[in-house]
Amino acid sequence: MTRGARKFRGDALSIAGASALLSAFLMLAGCLGGSGTDTENGLQPVNVTARVVDKDGAPAAGVRFTVSESHSRADSMLASPVVGNDTVLVTDGAGYVTFQLKQEGAYVAQGGSGDTVLFLDTLRAKIKRSPILSGGAGSPLFHVEEPVRAKGRLRLLSGYSPDSGRIILQGTPLLWDLKKDGKYDLGWLPPSAEKLTLRVVYWASPPDSSWYSPQCVKSGTNGTNTATLKLVDGEIVVDDVVRGGSCSSTLP
């Protein structure tokens, strides 16, 4: 083999080795590069400019605005759907608040002032499909409601007596402790709070005489029993009765 041939062969091997090394590096970089941005993953942020008004249609300024996933719970909150969730959203003098959501979807919007919740409503964020306009969800309008003092007692249909627990309003960061003998005080809530899913986690004891035997009473520790908030009546009613089979399906 001539010197020129040996040199050519050596150069070819060097190029092949460098190519293999570069390919291995690119593969490793791809594995370690993370999942990419939301846009790269197919999630397109949605621009939202919401407005809050009072019962007369006048702008409500200084309202603290919160957005949560509709299926989140205060005892296991999901990451905020708002881009830059460390920013406190507050309506301006004209009642407007502008923010960006990570993706389309149905969320729960909450407006508050101090310890009072002024409204709870659904925020539907959907990108406008237009070749000219940039993605946005329009200008959803929210109305301040007349708050009601949500104070009363938890009532179990089984006749059992609740000892302690906590009350969770799904889709919001709201959570309260259930006091002794089933008493609760949720502060000031808007009437729309009755439309949201209420989760009540509790421990209960059978009274001296119960309508139902223990096997016909559902446990309250998993928070899945149907609960109904009745603001005017001052009570939360929980259906903890097992129906069907050997258990009676007729309430007393």
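Scroll up to find the structure this text is about.
Residues numbered from 1 in each chain as written. Predicted model: local features only at pLDDT ≥ 70, side-chain atom pairs only at ≥ 80, totals over all residues. Heavy atoms only, no water.

**Describing the pairing of strand 1 (residues 46-53)**
As paired strands, strand 1 and strand 4 (residues 96-101) are joined by 6 bridges and run antiparallel to one another. Its bridge partner being in strand 4, Val 46 is matched across the sheet by Leu 101. As paired strands, strand 1 and strand 7 (residues 141-143) are joined by 3 bridges and run parallel to one another. In the strand pairing of strand 7, Arg 51 is matched with Leu 141. (Pairing = 2+ DSSP bridges. Helix = DSSP H or I, 4+ residues; strand = E, 2+ residues; numbered from the N terminus.)

**Topic: the state of the cysteines**
Following the criterion strictly, the structure yields 1 disulfide and no others. Paired through a disulfide, Cys 216 and Cys 247 show a sulfur-sulfur distance of 2.1 Å. Where Cys 216 bonds to Cys 247 through sulfur, the torsion about that S-S bond is close to -90 degrees, and the disulfide is left-handed. With Cys 216 in the loop between strand 12 (198-205) and strand 13 (226-230) and Cys 247 in the segment after strand 14 (235-239), this pair connects stretches of sequence that are 31 residues apart. For the pair formed by Cys 216 and Cys 247, the shared burial category is buried. (Disulfide = S-S within 2.5 Å. Buried < 20%, exposed > 50% of the residue type's maximum accessible area, 1.4 Å probe, protein only.)

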